[in-house]
Structures are given as C-alpha cells and as structure tokens.
Amino acid sequence: MQYHLNGFKPGNYEVPDEVREPYPNPPIEDLPDEVDVLIVGTGPAGLTMARQLSEFPDIKTCIVDMAAGPLLFGRADGISCRTMEIMEAFNSSEMVVKETYQLKQNTFWEPDEANPENIKRTHKVADARAGLSEFTHGIVNQARLHELLLDGMERSVTHLRPHYSRELVEMTIDDSLTQDLEAYPITATFKCCDDEGAGKTETVKARFVVGTDGARSKVRKSMEIPLLGDSANKAWGVMDILLNTDFPDIRIKSFIQSKNHGAVMTIPREGGYLCRFYVELDLLGKDKRASDVKLTEQDLIAKAQKIFHPYTLDVKEVAWWSIYEVGQRIAERFDNRPVDSPEEVIPRGFVAGDACHTHSPKGGWGLNTSLPDTFNLGWKLASVLQGKCHPKLLSTYGPERRKVAQQLIDADRELSRLVATRPTAGDDSDQAKVDTAKIEAFMKRQSGFVAGTSIEYFPSYICTGQENQHLATGYHIGQRFHSAEATRVADGRVQHLGHLVKADGRWRIFLFGDKQTPTDTSSEAYKFIDFLASDASSPVLKYTPKGADIDSVIDTYAVFQQQDLSMQDLPDYLWPAKGKYGLRDYEKVFHAEEGNDIYDLRGIDRSQGCVVIVRPDQHIAAILPVSAHEELAKFFDVFMIEQE
Ligand SMILES: Cc1cc2nc3c(=O)[nH]c(=O)nc-3n(C[C@H](O)[C@H](O)[C@H](O)COP(=O)(O)OP(=O)(O)OC[C@H]3O[C@@H](n4cnc5c(N)ncnc54)[C@H](O)[C@@H]3O)c2cc1C
C-alpha cells in the first residue's frame, strides 16, 4: 500500500490520501461514578488494557486521557514481531501487516577511509529478527496502532470508548479497603480540560486503577513509587519527513556515522515515501530537559545534511518532529503494595508502560514493552474480577514485567553507548566513534529480545514443568507459544496454532499425541482426553461454570501424527456440542502437515507426545507428559477457583 505521496495525512490508511480524515474525537460524556477498573492514559499500554477488558461485558471499565482526542502524529513507530502477535490475538494483525513497512535489512555507513568527509556503506545485512516469528518487524505510525485498538474496543460487546479532555489531578487509595475485593478503595479526581467543562471536576471510585499515564505518571506519584536510575540525559532529534535524496539506502534502515558531525539512524516508514530520522544531539546539561533544547526542525535537517555528505537531502515536508531525551529509569515496584509484600496481599493500583520504565527510542522498545505490560495484566485482572482466579494471581504482574523492564533498561544502556558518538551521561567510557560492527553484533545477540519473542517469565506457579522441557524443545517454558502450522482434520485447512490463542481470557491446553493412534482406547492421548472430559479432578470440569460451554474457561486442542483421522472416530470432547443449539465445534483437532511437520519444527517427542499449557497471554505455562493427569490438575488448583 502506498500513501502520503502529496503530504502526510494521519488517519485510517484504508482510506485514500485524498479523502482521509484524522480519527475523530468522540463526544464528551460525563465520567461514571463507580467502575471496576479505571485506566488513566490512552497510549499503547492503556489502550491494550482497555482493549483486553472490552471483551468482558461483566467488567465495568473506564479509560481516561487528558488529551483532546486520539494521537495523530509521531512518537514510536516500530512494531515488533511480538507486538504483531499480540495484535493477532486481538484479530487486528492483518491491517498492521498490510500497512507497515516490513523491515528486512539494515545497512551500516561510516566515514570513507579514502575521503573521511564522505560517508560510505560498510555493509548491508539481513535483519537479525528474520524467522523468529511468522510476523516481520514492521514500521507504522503509533497513532495507527492506537486506532486499530480503538476500533476493536468500539466493535466489542462493551463498545468501550475513552473519555478525553480529563486530567487526573488527584488519586488516593484507602488502605483500610484494599483487602476487600468488593470494595472501591480508589478515589480519582479529574479536571475537565474541554472548553465547555473547563474548571469542573469529576470523581470516579474504582476497585482497581491502572496507571498508563506515561513517564510523568500521576498514578505512580500518587502511589509514592520512586523511579530508580538515570534521569540525566542525552537528547536525540527525531523527525518524520518526506524527501528526495540520492542516498541509495533511503528505503533500508541505516546506521550512519560521520567523521565530525555525529550520527543518524534512518528508518523507512509505511506508505513508501515517509522516512524517520533520529539525529544525535549534544548531551543535556545537568537538570536540563529535552524541552530546554532550543533547536528547530530546520536545525535537525541542517545537521542531518552535514552527516550525509556527499549525499543530498531535499526535505519537502516535516510531518512531525520532536527533541526526545534519553534516560534509563525503572519504577521500584509496579503496584501499590510495599516492596516484599506477601503474594496474598491484594494489589489495587498498578503502573504499566512508560509510567514504570523509560529509556531511549533507539531500540524501538517503548511501545513494544508498554503494550505487553498490560497484555500480561489484563487477563489476570479480568479473571480475578470474574471470580475465576484467586486474587493472589495479581501479585505475579509486578515480578514478571519488572524483570523484562530491567532487561530493557540494561539493553538500552548498552545500545545507547554503541549508538552515541559522544558519551551519554553516566557513561565514563571515552568512546568517540560509533562502531557499527558492534551495533550489528548487539542486534544479532539481542534479536530475540528486540523482537520480543524471547521474553520469558520466571519459573513460578504459572510457569512450571521445567523438568519436561525435553518433551518439546522448541516450546520454551515461560516464553510465548511459538506458532507453527498444522492441518485441521475436519476440513484440511492449514492453521497457525498460535493464532488460536485469542485475547479472550481463556487458557489453552494443546495435546500433542504420541505414536499410538488416539482412537485406540489404550493410547495415552485417549486416556488424557477421557480424564479431561470425565474425571472429577479434571480442571476443565472443576473450573467451568455449570451450563457454560465446555471450552469457555479452558480450551483444548489436539494435534496428532496420524494423517488418516476422522472426527467421528474421536472422543466427543474434541468436537464438543456448544451454544444454544448444541452445534458441534469441528475446529479443535489437527494433524501434522507433511513437509512442514510441527513435531519437527518444535522438537516434540514423537514417541511420547506432550501437553503444552498456554496462558491467556500466549506464554507457555507448563509442559507435561501426556500421562501426567494429576500434575495437570494440581497446576490449575493452585490459583483457580472452583465454579458452581
Ligand atoms: C514526545 C514523545 C516522543 C516519542 N518519540 C519516540 C520515538 O521517536 N521512538 C520511540 O520508540 N518512542 C518514542 N516515544 C515513546 C513511546 O511513544 C512510548 O514509549 C509509548 O508511547 C509508551 O506508551 P504508554 O502507553 O506507556 O504511554 P504514553 O504513550 O506516553 O501515553 C500516556 C498517556 O497518558 C496521558 N496522561 C498523562 N498524564 C495524564 C493525566 N494526569 N491525566 C490523564 N491523562 C494523562 C497522556 O496524555 C498520554 O496519552 C516518544 C514519546 C513521547 C512522549
């Protein structure tokens, strides 16, 4: 898809340039008095939280932002493979894939040894993330990603829409109420910022609050959570431009180091014409902020032109620009409980996204870490509010995501040192030149982290079974369920199994059968299905409310090595009757595809098979032998609540 030929136009890229309009601001409506979950901030973290909760009609959610309407320009633009996978869980990956610039290559430019005033390409390499996911790292306006999440919210059963023009000015949590799950311990006061409401305040009472209100988070400050780390900063100029140039790699991501004028990183953008430039600026002085840097977009262009010598940059339009500062900081804790609280203490306030970790834009990690924060928290909060899981589950959010944030800060510190010509604050190295070979090596080594695909959660009671890792060496316990294809028995369709794990709060059990046919009643696969379908200790029977569809809490899929199966010969449990007519679900059984065999691709033990338990956020919770019925029951018993 090509767009922005005659100037940058925000909005829905499915609409042609000539008639595209910015996403409209929704009408102003009064805030509700009481809600289950209050979300402050409509960045990627807040919208992902809201998008997740919008799936549940029994949860009352309110999302608020002080901006007048949805974001239109700028900010982050890199969409990691993992973020793409999460968008697939929301059924929105197709448009992201279609509209994004697909990042396939990187080039590296350094001063030409023969003529050091000029830059010269040293090498061009394939992007190190290739093959880590069925999705490619893409580049698209952050605002467009917001729109897809907003559209999903609007179309959901709850038709959830944000309230704009409301600034959080005060928030308290009544400690005497926090351990009563039914209570509303949070009181949040908002100032109306629209013309009509100016001066008015509104108060919302909430059972839980999620602070996704960015780096200067009021929610975080209200919970007295300190930020740890460096606030001292290096500034980078960032601009999205439409230009003509004779630089040959303008449509490839490029790291460019000049001899005397600093460095530029260029990232081609969606639509075929737009390009983002990150231009290295000087160190900020002590106590200075990016807003103190008195440069204009013309200064950024002039600096880039010097770095690109002998190539020319003829900038036709600056769609967006900003001076963006680098500081690596992390919140001491990600919820309102004191440090080292026992897991039984119920957290009622959370911070996510930039509200609890900030860093430079160079790795493209801001959006891509913020969005998975709330993808981790969303299902946990929903299942506690719905009475499916014990509230202690909420205590797992902080440790799981803080570990990722710490890895991010460490990686960003390293990359900042490699990419910055001049030392960053707090960096005592005397490095005076970007070493592009080191950047390349870093990108290779960190490719899984940069792609988001190697993010893994601690061994904990929701990530277990490490002793069985050998049963499926390609499914890493704690990491996301790496999708691969299999053929559906009922209709022969080839299906990505990872795409079955939607963001609907359900757990998934994937049974990979052993060498014996599952129609044989003595096979482990048959016995496993029989256990799930009829044993008193079956988690499916214990935790599914009576009268609900059998897959509404734990959804089971089976993959077999045998190619000649017929649904009618398999146990009823694998093609259950559902809904008001009791219609059969034919989409739960697969066989391995010849030539693209999932057993080979994911290192699954052919003679024993295995069971893979997948969390609602697509991370692998456990791997078990097919015969481990008791262990499976015990896994769920730790945190789930038996249903009537
Ligand atoms: C100016 C700027 C430029 C950036 N440039 C880049 C870039 O070039 N590359 C890159 O990778 N990343 C960039 N980022 C970072 C990236 O956008 C963030 O990492 C990402 O958006 C974080 O998402 P989030 O949801 O945590 O918070 P944010 O996207 O920051 O969203 C926070 C939201 O909270 C709202 N809010 C804040 N306080 C209140 C309040 N008191 N009451 C109500 N609402 C409130 C804000 O209006 C905002 O909409 C930039 C960020 C900023 C702010």
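Procedures and definitions
Residues numbered from 1 in each chain as written. Predicted model: local features only at pLDDT ≥ 70, side-chain atom pairs only at ≥ 80, totals over all residues. Heavy atoms only, no water. Helix = DSSP H or I, 4+ residues; strand = E, 2+ residues; numbered from the N terminus. Rg over C-alpha atoms; globule rule 2.2 N^0.38 Å. Buried < 20%, exposed > 50% of the residue type's maximum accessible area, 1.4 Å probe, protein only. Contact = heavy atoms within 4.5 Å. Areas by Shrake-Rupley, 256 points an atom, 1.4 Å probe, with all protein chains shown as cover. Lys, Arg positive; Asp, Glu negative; His and termini not counted. Charge placed at Lys NZ, Arg CZ, Asp CG, Glu CD. Near = heavy atom within 4 Å. Polar contact = N/O pair within 3.5 Å; in protein donor to acceptor, adjacent residues only side chain to side chain. Nonpolar A, V, L, I, M, F, W, Y, C, P; charged D, E, K, R; others polar. UniProt positions renumbered as here; feature names shortened; annotations may be inferred. Domains from an automatic or database assignment. Pairing = 2+ DSSP bridges.

**Student:** Residues and numbers for the overall build of the protein chain, please.
**Tutor:** A count of helices and strands for the protein chain gives 14 helices and 28 strands. The C-alpha radius of gyration of the protein chain comes to 26 Å, within 12% of the 26 Å expected for a compact globule of 644 residues. In terms of its C-alpha atoms, the protein chain occupies a principal-axis envelope of roughly 75 × 60 × 50 Å. Expressed as a percentage of its 644 residues, the buried residues of the protein chain come to 60%. Put simply, 72% of the contacts in the protein chain that link residues at least 6 apart link residues at least 24 apart. Just so you have it, the protein chain exposes about 25,000 Å², and 49% of that area is on carbon and sulfur atoms. Computing the positive centroid from 73 side-chain charges and the negative centroid from 97, the protein chain places the two 4 Å apart.

**Student:** I'd like a rundown of the side chain of arginine 602, residues and numbers included.
**Tutor:** In this fold, arginine 602 is placed in the loop between helix 13 (598-601) and strand 27 (610-614). Not counting chain neighbours up to four residues away, the residues in contact with arginine 602 comprise Ala472, Thr473, Gly474, Tyr475, His482, Ser483 and Ala484.

**Student:** Hey, could you go over the site of the ligand for me, with residue numbers and the actual values?
**Tutor:** Taken together, 29 residues lie near the ligand, and Ala45, Asp65, Leu168, Tyr278 and Asp354 sit nearest. With respect to the ligand, the backbone of alanine 45 contributes an N or O atom lying 2.9 Å from an oxygen atom. Measuring from an oxygen atom of the ligand, one finds a side-chain N or O atom of aspartate 65 at 2.6 Å. In isolation the ligand has 960 Å² of accessible area, and contact with the protein removes 87% of it. Elements represented by at least two residues in the shell around the ligand include exactly helix 1 (44-53), strand 8 (166-173), strand 15 (274-283), strand 16 (313-326) and helix 7 (366-385). Of the residues in the shell around the ligand, the class split is twelve nonpolar, ten polar and seven charged.

**Student:** Tell me what's going on with the UniProt feature "domain: Phenol hydroxylase-like C-terminal dimerisation" (unreviewed entry) in the protein chain, and back it up with residues and numbers.
**Tutor:** Listed under "domain: Phenol hydroxylase-like C-terminal dimerisation" (unreviewed entry) in the UniProt record, and renumbered for this structure, are residues 455-643. Secondary structure across residues 455-643 comprises 15% helix and 20% strand; the distance between its end C-alpha atoms is 33 Å.

**Student:** Which residues make up the domain arrangement of the protein chain, and what values go with them?
**Tutor:** Splitting the protein chain by domain gives domain 1 (34-72 + 160-228 + 329-337 + 345-408), domain 2 (109-128 + 233-324) and domain 3 (466-638). Domain 2 and domain 3 are separated by 50 Å when their C-alpha centres are compared.

**Student:** Run through the pairing of strand 14 (residues 263-268), naming residues and quoting values.
**Tutor:** In terms of residue burial, strand 14 counts as a mostly covered element, since six of its six residues are buried. Inspection of the sheet shows strand 13 (residues 253-257) paired to strand 14 by four bridges, in the antiparallel sense. Residue isoleucine 256 lies in a different strand from strand 14, and its bridge partner there is valine 264.

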